[in-house]
Amino acid sequence: MGEIEIFGKRLRSLRENLGMTQMQFSEHIGIRQQTLSGYENGRMKPPLDVAVEISEKCDVSLDWLCGLSDRKSQSSDFCSYADILEILVKVDNQLHFSIYNNGRYESGNKVIDIGDSIIQKFLYEWSELLGLYHNGTISRHLYELWIRDKLLEYDVPLHDQEAFHEFLDLKFIEEDMKHDK
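First, a word on what this report is: a plain description of the structure on this page. (Residues numbered from 1 in each chain as written. Predicted model: local features only at pLDDT ≥ 70, side-chain atom pairs only at ≥ 80, totals over all residues. Heavy atoms only, no water.)

Turning our attention to the overall build of the protein chain. The helix and strand inventory of the protein chain stands at 9 helices and 3 strands. Buried residues in the protein chain amount to 39% of all 181 residues. On the protein chain, roughly 11000 Å² of surface is accessible, and the fraction owed to carbon and sulfur atoms is 52%. (Helix = DSSP H or I, 4+ residues; strand = E, 2+ residues; numbered from the N terminus. Buried < 20%, exposed > 50% of the residue type's maximum accessible area, 1.4 Å probe, protein only. Areas by Shrake-Rupley, 256 points an atom, 1.4 Å probe, with all protein chains shown as cover.)

It is worth spelling out helix H2 (residues 22–29) at this point. Taken residue by residue, H2 has Gln22, Phe25, Ser26 and Ile29 as its buried positions. Viewed along the axis of H2, the buried residues span an arc of 100 degrees, placing them on a single side of the element. As for H2, its buried residues are in contact with helix H1 (3–17), helix H3 (33–40) and helix H4 (48–58). (Arc of directions from axis to C-beta. Contact = heavy atoms within 4.5 Å.)

A few words now on unusual backbone geometry. Non-glycine residue Asp59 carries a positive phi angle of around 55 degrees. Within the secondary structure layout, Asp59 lies in the loop between H4 and helix H5 (62–65). Here Asp59 falls in the partly exposed class, since its relative accessible area comes to 47%.

Before going further, it helps to examine the pattern of salt bridges. Applying the stated rule across the entire model yields 7 salt bridges. The residue Lys57 makes a salt bridge to Glu53 at a minimum N-O spacing of 3.2 Å. Taken together, the positions of Lys57 and Glu53, both in helix H4 and 4 residues apart, correspond to about one turn of that helix. Looking at Glu53, the relative accessible area reads 28%, which means it is partly exposed. (Salt bridge = Lys/Arg side-chain N within 4 Å of Asp/Glu carboxyl O.)

Once that is clear, we can look at helix H8 (residues 140–153). Each α-helix turn comprises 3.6 residues. Residues three or four places apart therefore point the same way. Here H8 is 14 residues long and its end C-alpha atoms lie 20 Å apart, about the 20 Å a rise of 1.5 Å per residue gives. Tyr143, Trp146, Ile147, Lys150 and Leu151 are the residues of H8 that are buried. What you see down the axis of H8 is that its buried residues fit within an arc of 130 degrees, all on one side. (Expected span 1.5 Å × (residues − 1).)

To continue, consider the packing of H2 against H3. With their axes 8 Å apart at the nearest point, H2 and H3 run at an angle of 100 degrees to one another. Of the possible angle classes, the one that applies to H2 and H3 is roughly perpendicular. Touching Gln22, Met23, Phe25, Ser26 and Ile29 of H2 are Gln33, Leu36, Ser37 and Glu40, all from H3. The residue makeup of the contact of H2 with H3, split by class, is 4 nonpolar, 4 polar and 1 charged. (Axes fitted to C-alpha atoms, helices over the stretch in contact; angles between N-to-C directions. Parallel < 35°, antiparallel > 145°, perpendicular 65-115°, else oblique. Nonpolar A, V, L, I, M, F, W, Y, C, P; charged D, E, K, R; others polar.)

Moving on: the nonpolar core. By size, the foremost hydrophobic cluster in this structure holds 20 residues, and its most contacted members are Leu85, Ile119, Phe122, Leu123, Trp126, Tyr143 and Ile147. Elements that contribute at least two residues to this core include exactly helix H6 (81–95), helix H7 (117–134) and H8. Per element, the largest residue contribution to this core is 8 residues, and it comes from H7. Residues within four places of Phe122 in sequence aside, it is in contact with Leu85, Val89, Trp146, Lys150 and Tyr154. The next biggest cluster of nonpolar side chains, apart from the first, holds 15 residues, and it includes Leu11, Ile31, Ala51 and Leu65. (Core = buried A, V, L, I, M, F, W, Y, C linked by side-chain atoms within 4.5 Å.)

What follows concerns the environment of Gly8. If you trace the backbone, Gly8 turns up in helix H1. A relative accessible area of 0% means that Gly8 is categorised as buried. Sequence-wise, Gly8 and Ser37 are 29 residues apart; in three dimensions their C-alpha atoms are separated by 8.8 Å.

Rendered as structure tokens:
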């Protein structure tokens, strides 16, 4: 998918998440509805000033809009589980921590105990995949795809743990059904 298509897809997603029609959204960001339609459908490439205006008015990262990052928020605050997990992955890329199933994340004598069950679940899944990656069973490309998919999956607001736990319960049920077949 090219950069224009990514921008269009994310722009449409942003508009729909805001619950706006094309007309409402185009008025909100100060462009014509036909122009917005062209951006969303990948027929037109927005000038930089329009992309920046969208980013600022909708409080989304310009990097996210352009497909350069999966982090949607402009702020440096942690708004979702994905924000926290992305930082853990970056730290691991530099310091090569060991991840244990009990929520411990350590390197040498440095230890981080994680009490949050959602982050512990990610750490459990990640530790299994890291083992496969480090022993050469899976490629770096596959590992990075898995990380990207997981960050999208865990892109749930930190304050909405109930909804995320419901999501995880449904996921476990689906996985159990696959294994039963």
